[in-house]
There are 2 protein chains.
Amino acid sequence: MANEIKELTKREVNYSQWYNDLVIKADLAENSAVRGCMVIKPYGYAIWEKIQRQLDDMFKETGHVNAYFPLLIPKSFLSREADHVEGFAKECAVVTHYRLKNDPEGGGVIVDPEAKLEEELIIRPTSETIIWNTYRSWIQSYRDLPILINQWANVMRWEMRTRLFLRTAEFLWQEGHTAHATKEEAVEETTKMLNVYADFAENYLALPVLKGVKTASERFAGALDTYCIEALMQDGKALQAGTSHFLGQNFAKAFDVQFLNNEGKREYVWSTSWGVSTRLMGALIMAHSDDNGLVLPPKLAPFQVVIVPIYKNEEGLALINEKVASITKELKDLGVSVKYDNATNKKPGWKFAEYELKGVPVRLAMGARDLENGTIEVARRDTLTKETVSIEGIAQYIKNLLEEIQLNIFQKALKFREESTVAVDTYEEFKEQIEKGGFVLAHWDGTAETEERIKEETKATIRCIPLNNDKTPGVDMLTGKPSVQRVVFARSY
Amino acid sequence: MANEIKELTKREVNYSQWYNDLVIKADLAENSAVRGCMVIKPYGYAIWEKIQRQLDDMFKETGHVNAYFPLLIPKSFLSREADHVEGFAKECAVVTHYRLKNDPEGGGVIVDPEAKLEEELIIRPTSETIIWNTYRSWIQSYRDLPILINQWANVMRWEMRTRLFLRTAEFLWQEGHTAHATKEEAVEETTKMLNVYADFAENYLALPVLKGVKTASERFAGALDTYCIEALMQDGKALQAGTSHFLGQNFAKAFDVQFLNNEGKREYVWSTSWGVSTRLMGALIMAHSDDNGLVLPPKLAPFQVVIVPIYKNEEGLALINEKVASITKELKDLGVSVKYDNATNKKPGWKFAEYELKGVPVRLAMGARDLENGTIEVARRDTLTKETVSIEGIAQYIKNLLEEIQLNIFQKALKFREESTVAVDTYEEFKEQIEKGGFVLAHWDGTAETEERIKEETKATIRCIPLNNDKTPGVDMLTGKPSVQRVVFARSY
């Protein structure tokens, strides 16, 4: 079994099955015994740790600090902000008791009816309410502002249909919650963090994203504006990869958080929140991978290079081991992470397939002839090409190659997105394009009614009103009413 | 209010109140709206992040990888291991429903009675059960072993009496869960991780610890042996700072996890688990701090050096700013973390008190005369001493000083522990010493009855059977029965 090569369903046969196969077979995650909750396996978690570390550095560079707030939220807190409760009360895990006991009738352990909570507690679906209840005692004057806090945490939303990484009941994320003295500062923070997310997506995940604003019906429950980054997956469906919310004074009013401004007057505090989650893992997997397995951008790969020896006997292996030790050291000195797999119970062919499946960006193979010639075989995961190069200066060569691969993965995804983005003017064209997948740019009259009708008839939603696009006005393809710019439609995850 | 100096209760007046004052006033943590759950504030969380990062590095150096398992555990899992359920079922948060709804009678949101779970879910108090249920499908053969996994997570135990960091309903921790082919390997892992914890405690927390084994009545629910590190706080009470459990085959049997050994026979897997938590924050605070505030070991201080300018006017400040910029750069180049506080709305005296309260290891102050003389004032937090030194080579001087402070804090705690450790031979002496506090070494006959009687009569428990102590036999101070070595008694947190 250990030597069996793991086959994936082909993308064109069944993209959804391909994704599930890949997540399972590349040892990224699996379903658990608890409905909708996943186990993130060590290889998957190692990628998440790289994502976390990089984002955390970027948050700190922009002046944020981390803190930790309670997992449980009193039920009544959810109701304080009217929109918020509508958005989150429907799908939450409710703690009602705090003790189990032995069943006096011998039925194992049962919930102790005497240990009922006076007020039920909700496992956080997001933490605005508990955090703003806390900020009330932290903020008295403008001198206490801004508060720029981030939290790394688990959250829970009782989703009915779940998929590993993309939509799970419990997921891991970070949630920034900031408090400001003025509207301008809060809006500036919202867009600053949107830009941090876009920078991270493009330069680390190698994922081109559109930056935009959500329509009113797609907004976060409690926000005045939700900014987002939207990415395109290989099957032509969009994926929302991160959101940054301008919350106005909604939560400050709901939790009565006021401050004395520099003129000595009491005002409600302005706020933002922003988050990305383990969903990014789903985006990373779906955007770049192929029928052979994962394709990881070098900056987020748990190890960037794997070296496989090809040998006939123990003496041969010993000679290769020695040569590889010096190459490994050179690579590590340049900051390249390397795994040397000289396990003797698996064949090179199996190892090649396994590391392809796991998306290791560069595979080096060294055999007896390489040793004689002073060469090594270099295989790229992104292009599946191989070449034989001199081991003279190999470490610097690999370091440069990793940068090239990082860029190439991004360029490939960008090219795909560009080819999959079409502007249309009529509803007929629109429906045709939506069937094909991709981003469809169209004029919209700005009403929730039209948006809803399009969604019902085509399953496409407005992914965002793009921020940096051309602002040519036009007319709504359905109603003929005026439109100030095209918006981005797609079917989505 | 911002300029008010925060006074702490003195330790000798009320140690417990001093601790609470310190946690609150140094901005480490506070109680939340949810009973027993704390908010870890940014300054406290920054220390926890340093603890995490260092431990994580040490776990990885010893071959462990991180993963993530679900927050929720099916109720029936808890019952699988008989001792485990006894230990944990009594104090857990129970999720019974997955939806709220609007009260049709207008009472806000209520639990939707139609959204009742078929089987209740428990918020993990520890993850042995869900993890061993998962390992069953990961382990078939000896080739799949060992599994060396760690998880960073939040857990919840419904404690009745809580104290910030020391005992909270929700806390943050890491839990290692390893699986091995042989008993010997599992035992070796248990002691290896105990040694990692002791190394971390002594060299990072600057906290001398005793390594030992718990008695049967103090064991983890489900373990065959619980190893621990025990530290002594300044009030003479002991604090268990970390535990490492040898679980035998208990969880493998409870969850039917078997493997084919290298002779082709099926065997149950051997296991360990080990953990430390945010309780370490409590140990760190209580072990070293004084009536002026926190005393942080330099290796875990969010910033190691604070620089305060002392100036008469803006030109004076500008000159100091310039000089400090070059000192800061030199310090950062040597890996020393620095904060320069030139805020103009607070006086130097206030800043001095504030950074003393927050335990910053070294405070530098620079005034006009220093600028003239090419000197700077260096104040040590651990000894509260000051000296004026030349700024020539100041960065290296500070770097060395930080190492000296780290060592001095440890030595001071070690000296205190040594002076607070007494061997006694009679129960009269024992009771007298226990009243005074500290570790009391006494002979014990090895029975739970004697242990329980001593606990009832003196509130002292056996903290551990020490691993590295002298093994001179003797007789139990109460029963006169034979004893193979002295054990460590204390009152504890």
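To be clear, the structure that these remarks concern was listed above.
Residues numbered from 1 in each chain as written. Chains lettered and ligands numbered in written order. Predicted model: local features only at pLDDT ≥ 70, side-chain atom pairs only at ≥ 80, totals over all residues. Heavy atoms only, no water.

Peer 1: Would you take a moment to explain the interface of chain B and chain A for this structure?
Peer 2: Where interface size is given, it is often the accessible area lost as the parts come together that is meant. Every contact between the two is made by 68 residues of chain B and, on the other side, 68 residues of chain A. Contact between chain B and chain A buries roughly 5,200 Å² in total, counting both sides, with carbon and sulfur atoms accounting for 65%. The largest share of the area that chain B buries against chain A comes from Tyr-68, Tyr-98 and Leu-100 of chain B, three residues that together contribute 13% of it. At the surface where chain B touches chain A, the tally comes to two salt bridges. (Contact = heavy atoms within 4.5 Å. Buried area = accessible area lost by both parts, 1.4 Å probe. Salt bridge = Lys/Arg side-chain N within 4 Å of Asp/Glu carboxyl O.)

Peer 1: Looking at this model, I keep getting lost on unusual backbone geometry. Mind explaining?
Peer 2: Glycine aside, negative phi is the norm for most residues, and most peptide bonds take the trans geometry. Residues and elements named next belong to chain A. With an omega dihedral of -5°, the bond running from Leu-145 to Pro-146 counts as a cis peptide bond. For Pro-146, the position within the fold is in the loop between α5 (128-138) and β9 (147-156). With a phi angle near 50°, Asp-256 is a residue other than glycine that sits in the positive phi range. Inspection of the secondary structure assignment puts Asp-256 in the loop between α7 (250-254) and β14 (258-260). (Helix = DSSP H or I, 4+ residues; strand = E, 2+ residues; numbered from the N terminus.)

Peer 1: Even after reading the chapter, I still don't get the sheet that holds strand β20 (residues 375-380) of chain B, so can you show me in this structure?
Peer 2: Pairing between sheet strands relies on hydrogen bonds along the backbone, with the strands arranged either parallel or antiparallel. Residues and elements named next belong to chain B. With mixed pairing, five strands are arranged side by side in an open sheet as β18-β17-β19-β20-β21. Two strands close off the open sheet at either side, each with one partner strand: β18 (338-340) and β21 (386-390). Strand after strand, the sheet turns through a mean of 25° between neighbouring axes, direction not considered. Helix-sheet contacts for helix α9 (residues 314-333) involve β17 (305-309), β18, β19 (362-366) and β20, and the interaxial angle to β18 is about 170°. (Pairing = 2+ DSSP bridges. Axes fitted to C-alpha atoms, helices over the stretch in contact; angles between N-to-C directions.)

Peer 1: Where do I start with the sheet that holds strand β20 (residues 375-380) of chain A in this structure?
Peer 2: Residue and element names in this part refer to chain A. Reading across from one edge, β18-β17-β19-β20-β21 is the order of the five strands in this open sheet, with mixed pairing throughout. The open sheet has two edge strands with one neighbour each: β18 (338-340) and β21 (386-390). With strand direction ignored, the average angle separating the axes of adjacent strands in the sheet is 25°. Its contacts with the sheet place helix α10 (residues 348-357) against β17 (305-309), β18 and β19 (362-366), and it is angled at close to 170° to β17. The strands that helix α12 (residues 394-419) touches are β17, β19, β20 and β21; relative to β20, the one it contacts most, it runs at about 10°.

Peer 1: How should I be thinking about the pairing of strand β13 (residues 238-248) of chain A in this particular structure?
Peer 2: One face of the sheet, then the other: side chains in a regular strand alternate in exactly this way. Residue and element names in this part refer to chain A. Burial of β13 is extensive: ten of the eleven residues sit out of reach of the surface. Two strands pair when backbone bridges link them, and strand β12 (residues 225-232) and β13 are joined in this way by eight bridges, in the antiparallel orientation. The residue of β13 that forms the bridge with Glu-230 is Gln-240. Linking two consecutive strands that pair antiparallel, namely β12 and β13, is a turn of five residues; a positive phi of about 85° is found at Gly-236 within it. (Buried < 20%, exposed > 50% of the residue type's maximum accessible area, 1.4 Å probe, protein only.)

Peer 1: What exactly am I supposed to notice about the relation of the copies chain B and chain A here?
Peer 2: Overlaying chain B with chain A gives an RMSD of 0.0 Å, the required rotation being 180° about an axis along which the chain moves by 0.0 Å. Each copy turns onto its partner about a two-fold axis. Considering only C-alpha atoms, the residue of chain B closest to the rotation axis is Val-95 of chain B, which sits at 2.1 Å. (Least-squares fit on C-alpha atoms with pLDDT ≥ 70 in both.)

Peer 1: What should I look at first to understand the packing of helix α2 (residues 42-61) of chain A against helix α6 (residues 183-203) of chain A in this one?
Peer 2: When two helices pack together, their arrangement is given by the angle between their axes and by how far apart the axes lie. Residue and element names in this part refer to chain A. Packing of α2 against α6 leaves a shortest axis separation of 11 Å and a crossing angle of 145°. Where α2 crosses over α6, the two elements pack in a sense that is right-handed. Contacts between α2 and α6 pair Ile-51, Gln-54, Leu-55, Met-58 and Phe-59 from the former with Met-193, Val-196, Tyr-197, Asp-199 and Phe-200 from the latter. (Left-handed = near helix turned anticlockwise from the far one by under 90°.)

Peer 1: So what exactly am I meant to see when it comes to α2 of chain A here?
Peer 2: Residue pairs three or four apart in sequence face the same way in an α-helix, which turns once every 3.6 residues. Compared with the 28 Å implied by 1.5 Å per residue over 20 residues, the 28 Å span of α2 of chain A between its first and last C-alpha is a close match. With its phi angle positive at about 90°, Gly-63 of chain A sits one or two positions after the end of α2 of chain A. (Expected span 1.5 Å × (residues − 1).)

Peer 1: In this structure, what is going on with the environment of Lys-481 of chain B? I would like to understand it.
Peer 2: Residues and elements named next belong to chain B. Residue position: Lys-481 is located in the loop between β25 (474-475) and β26 (482-483). Exposure remark for Lys-481: the relative accessible area of 44% places this residue in the partly exposed category. Separated by 37 residues in the primary sequence, Lys-481 and Trp-444 have C-alpha atoms spaced 7.9 Å apart. Excluding its chain neighbours within four sequence positions, the residues that come into contact with Lys-481 are Asp-445, Gly-474, Val-475 and Asp-476.

Peer 1: I tried to follow the packing of aromatic side chains on my own but got confused; where do I start?
Peer 2: Remark: the centre distance and the inter-plane angle together describe each pair of aromatic rings, the angle taken between the planes. Under the definition given, this model contains 40 aromatic pairs over all chains. Between Phe-69 of chain B and Tyr-135 of chain B the ring centres are 6.3 Å apart and the planes differ by 75°, which places this aromatic pair in the edge-to-face class. Placement of Phe-69 of chain B in the loop between β3 (65-66) and β4 (72-74) and of Tyr-135 of chain B in helix α5 (residues 128-138) is noted, with a sequence separation of 66 residues between them. Look at Tyr-135 of chain B and you get buried, because its relative accessible area is 0%. With a centroid separation of 4.9 Å and 80° between ring planes, the pair formed by Phe-430 of chain B and Phe-489 of chain B is classed as edge-to-face. Remark: Phe-489 of chain B occurs in strand β27 (residues 486-490) and Phe-430 of chain B occurs in helix α13 (residues 427-436); sequence separation between them is 59 residues. On the basis of relative accessibility, which here comes to 0%, the residue Phe-489 of chain B falls in the buried class. Taken together through their ring pairs, the aromatic side chains of Trp-48, Phe-59, Trp-152, Tyr-197 and Trp-274 of chain A make up a single cluster. We note Lys-299 of chain B situated over the ring of Tyr-204 of chain B; from NZ or CZ to the ring centre the distance is 4.5 Å. We note Arg-363 of chain B situated over the ring of Phe-352 of chain B; from NZ or CZ to the ring centre the distance is 3.7 Å. (Phe/Tyr/Trp six-rings, centres within 6.5 Å; stacked < 30°, edge-to-face > 60°. Lys NZ or Arg CZ within 6 Å of the ring centre and 35° of its normal.)

Peer 1: Explain α10 of chain A to me, please; I cannot follow it from the model alone.
Peer 2: All names here are of chain A. Buried within α10 we find Trp-350, Lys-351, Phe-352, Glu-354, Tyr-355 and Leu-357. Buried residues along α10 sit against α1 (15-25), β17, β18 and β19. Following α10 by one or two positions, Gly-359 adopts a phi angle in the positive range, close to 75°.

Peer 1: Would you mind going over the pairing of strand β9 (residues 147-156) of chain B with me for this structure?
Peer 2: Residue and element names in this part refer to chain B. Here β9 lies mainly inside the structure; ten of its ten residues are buried. Side-chain alternation along β9 places Ile-147, Ile-149, Gln-151, Ala-153 and Val-155 on one buried face and Leu-148, Asn-150, Trp-152, Asn-154 and Met-156 on a second face that is also buried. Both β3 and β9 contribute to a ladder of two bridges, which runs parallel. Across the sheet, the residue bridging to Asn-66 is Asn-150, located in β9. In the sheet, β9 pairs with strand β10 (residues 170-180) via ten bridges, with the strands oriented antiparallel. Note on β10: the bridge partner recorded for Leu-148 is Thr-178.

Peer 1: Would you explain the pattern of salt bridges in this entry?
Peer 2: A side chain with one charge may pair with a side chain of the opposite charge, provided their charged atoms come close. Residue and element names in this part refer to chain A. Counting across every chain of the model gives 46 salt bridges over all chains. Of the charged contacts, one joins Asp-341 and Lys-351 as a salt bridge, the two residues approaching to 3.6 Å between their closest N and O atoms. Of this pair, Asp-341 sits in the loop between β18 and α10 while Lys-351 sits in helix α10, placing them ten residues apart in sequence. Classification of Lys-351 by relative accessible area gives buried; the value is 1%. The partner of Lys-415 in a salt bridge is Glu-419, and the shortest N-O contact between them spans 3.3 Å. One end of the pair is Lys-415 and the other is Glu-419, both in helix α12 and four residues apart, which spans about a single turn. Exposure class is identical for Lys-415 and Glu-419. Each is exposed. Taken together, the salt bridges that share partners define one network made up of Asp-27, Glu-30, Lys-41, Glu-354 and Lys-358.

Peer 1: Sorry, what's going on with a positive patch on the surface here?
Peer 2: On the surface, a cluster of positive charge is contributed by Lys-50 and Arg-53 of chain A together with Lys-50 and Arg-53 of chain B. Mapped onto the positive patch, the elements with two or more residues apiece are α2 of chain A together with α2 (42-61) of chain B. (Patch = residues over 30% accessible without salt bridge, like charges linked within 9 Å, V, L, I, M, F, W, Y side chains within 5 Å. Areas by Shrake-Rupley, 256 points an atom, 1.4 Å probe, with all protein chains shown as cover. Lys, Arg positive; Asp, Glu negative; His and termini not counted. Charge placed at Lys NZ, Arg CZ, Asp CG, Glu CD.)

Peer 1: Can you walk me through the environment of Val-269 of chain B in this structure?
Peer 2: As for its placement among the helices and strands, Val-269 of chain B is situated in the loop between β15 (266-268) and β16 (270-277). In sequence terms Val-269 of chain B and Gln-258 of chain B are eleven residues apart; their C-alpha atoms lie 5.7 Å from each other.

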